[in-house]
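Next come the chains, spelled out residue by residue.
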Amino acid sequence: EDQVTQSPEALRLQEGESSSLNCSYTVSGLRGLFWYRQDPGKGPEFLFTLYSAGEEKEKERLKATLTKKESFLHITAPKPEDSATYLCAVWQEGGKLIFGQGTELSVKP
Amino acid sequence: GAVVSQHPSWVICKSGTSVKIECRSLDFQATTMFWYRQFPKQSLMLMATSNEGSKATYEQGVEKDKFLINHASLTLSTLTVTSAHPEDSSFYICSALTMVNTEAFFGQGTRLTVV
């Protein structure tokens, strides 16, 4: 059964305290892995797409990496405005996205 | 990034009535759109895949007669919740897949409350 698991479920950081979020997956026919940010009451905001193991992408304080079994979202020196739920999703044939349950990140000043 | 517009952002309706939610891709064409449902503190659950000009494909457990999906053009898909009941109250989100590259963008979501 295709599955996407994110850890931890919740993460509390002090401003400036770097950390990583994990997304592990067991999916047949993986065509890509997406990372999104979701604020309360809003739709997910696209961050990255990763297509192959070894690929890395960066955007401001965020860096996403991908292996054959998992992806990491590294947050360097986070700020309070980085507080949100971060979702990863794997893209299967036909464009279907299977989402993990998300990591709720809270960054305190 | 590409823009997907979803309307309305929120709606309150009486039990037994129907509600239509629109999803538009504003600056790109999307042959495929997806409808998700999200409960509080939970992730997105795919309800159905909407293909332009053909019938939607529903995920297991989703009632196709209750959640009517129409993808009339390359930029518009609609989800109609028929004979809504309080248990249909949820956050509904659409996404559209770009034809050119492999990116999926989401609408801002619709908060449905059935009273």
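As the structure is a prediction and not an experimental result, all values here were calculated from the model. (Residues numbered from 1 in each chain as written. Chains lettered and ligands numbered in written order. Predicted model: local features only at pLDDT ≥ 70, side-chain atom pairs only at ≥ 80, totals over all residues. Heavy atoms only, no water.)

1. A word on the state of the cysteines
Under the convention used in this document: For this text, the term disulfide refers to a pair of cysteine sulfurs within 2.5 Å. Helix and strand definitions follow DSSP, with helices as H or I runs of at least four residues and strands as E runs of at least two, each counted in order from the N terminus. Classification of residues uses two cut-offs on accessible area relative to the type maximum, computed with a 1.4 Å probe and protein chains only: under 20% is buried, over 50% is exposed, and between them is partly exposed.
One pass over the full model with this rule turns up two disulfides over all chains. Residue pairing for Cys23(A): its cysteine sulfur links by disulfide to Cys88(A), the two sulfurs lying 1.9 Å apart. Because the torsion about its S-S bond is 70°, the bridge between Cys23(A) and Cys88(A) counts as right-handed. Highlighted residues: Cys23(A) in strand 3 (residues 19-26) and Cys88(A) in strand 9 (residues 84-91), separated in sequence by 65 residues. Residue classification places Cys23(A) among the buried positions, given a relative accessible area of 0%. There is a disulfide in this structure between Cys23(B) and Cys94(B), and the S-S distance comes to 2.0 Å.

2. A look at a nonpolar patch on the surface
Residues and elements named next belong to chain B. This is how it is decided: Here a patch means residues that are over 30% exposed by relative accessible area and free of salt bridges, tied together within 9 Å if like-charged and within 5 Å if nonpolar (Val, Leu, Ile, Met, Phe, Trp, Tyr). Only the protein chains shown count as covering a residue, and every accessible area follows the Shrake-Rupley method with a 1.4 Å probe. The salt bridge criterion pairs a side-chain nitrogen of Lys or Arg with a carboxyl oxygen of Asp or Glu, the two atoms within 4 Å.
There is a patch of nonpolar side chains on the surface, built from Trp10, Ile12 and Val115 and spanning about 380 Å² of accessible area. The residue valine 115 is located in the segment after strand 11 (110-114) in this model. A relative accessible area of 58% places valine 115 in the exposed class.

3. Structural notes on the pattern of salt bridges
All names here are of chain B. Per the stated rule, a full pass over the model turns up seven salt bridges over all chains. For aspartate 88, the salt bridge is made with lysine 66, and the minimal N-O distance between the two is 2.9 Å. Highlighted residues: aspartate 88 in the loop between strand 8 (76-81) and strand 9 (90-97) and lysine 66 in the loop between strand 6 (57-58) and strand 7 (67-73), separated in sequence by 22 residues. The class for lysine 66 is buried, based on a relative accessible area of 12%.

4. Observations regarding the side chain of Ser43(B)
Inclusion rule: We call two residues contacting when some pair of their heavy atoms lies within 4.5 Å.
Topologically, Ser43(B) is positioned in the loop between strand 4 (32-38) and strand 5 (44-51). Among all residues touching Ser43(B), those that are not within four sequence positions of it are Leu87(A), Phe99(A), Gly100(A), Gln101(A), Arg37(B) and Gln38(B).

5. Focus on the nonpolar core
Going by this rule: What we call a nonpolar core is a set of buried Ala, Val, Leu, Ile, Met, Phe, Trp, Tyr and Cys residues that are connected through their side-chain atoms within 4.5 Å.
Counting residues in each nonpolar core, the largest one holds 42 residues, and the members touching the most others are Phe34(A), Tyr36(A), Leu97(A), Phe99(A), Tyr36(B), Phe106(B) and Leu112(B). Sort the elements by how many residues they give to this core and strand 9 of chain B lands first, with six residues.

6. Comments concerning the sheet that holds strand 1 (residues 4-7) of chain B
Residue and element names in this part refer to chain B. Here is the rule: By definition, two strands form a pair when at least two bridges between them are found by DSSP. Note on geometry: axes are C-alpha line fits, over the in-contact stretch for helices, and angles between N-to-C directions span 0 to 180 degrees.
If you trace the four strands from one edge of the open sheet to the other, you get 1-3-8-7, paired in antiparallel fashion. Two strands close off the open sheet at either side, each with one partner strand: strand 1 and strand 7. Averaged over neighbouring strand pairs, the angle between their axes works out to 15° when direction is ignored.

7. A short note on the interface of chain B and chain A
Stated precisely, the cut-off is as follows: Accessible area, probed at 1.4 Å, shrinks when two parts are joined; the buried area is that loss added up over both. Polar contact is the term for a pair of N or O atoms within 3.5 Å; when the atoms are in protein, one must be able to donate a hydrogen and the other to accept it, and sequence-neighboring residues count only if both atoms are side-chain atoms. Residues are grouped as follows: Ala, Val, Leu, Ile, Met, Phe, Trp, Tyr, Cys and Pro are nonpolar; Asp, Glu, Lys and Arg are charged; all remaining types, including Gly, are polar.
If you look at the interface, chain B gives 21 residues, while chain A gives 20 residues. With both chains or domains summed, chain B and chain A bury close to 1500 Å², and 58% of this area falls on carbon and sulfur atoms. Remark: the boundary between chain B and chain A carries one salt bridge. Across the salt bridge formed by Lys41(B) and Glu104(A), the nearest N and O atoms sit 3.6 Å from each other. Applying the counting rule to chain B against chain A returns four residue pairs in polar contact (both at pLDDT 80 or more). Mapped by element, the contributors of at least two residues to the side of chain B that touches chain A are strand 4, strand 5, strand 9 and strand 10 (104-106) of chain B. Among the elements that make up the side of chain B that touches chain A, the one with the highest residue count is strand 4 of chain B (four residues). Here the side of chain B that touches chain A is built from residues that sort into ten nonpolar, eight polar and three charged.

8. Things to note about the side chain of His71(B)
Residues and elements named next belong to chain B. Tracing the backbone through its elements, the reader meets histidine 71 in strand 7. You can call histidine 71 buried: its relative accessible area is 5%. Those residues in contact with histidine 71, other than ones at most four positions away along the chain, are Ala30, Thr31, Thr32, Met33, Ser50, Asn51, Glu52, Gly53, Leu76 and Ser77.

9. Considerations on the sheet that holds strand 8 (residues 70-75) of chain A
Residues and elements named next belong to chain A. Strand order in the open sheet formed by five strands is 1-3-8-7-6, with antiparallel pairing between adjacent strands. Where the open sheet ends on each side, the last strands, each with one partner, are strand 1 (3-7) and strand 6 (56-59). Adjacent strand axes in the sheet meet at a mean angle of 15°, parallel and antiparallel pairs treated alike. Note: strand 1 against strand 3, five bridges, orientation antiparallel. By the bridge assignment for strand 3, threonine 5 is matched with serine 24.

Functional significance is not addressed by these values, which are geometric in nature.
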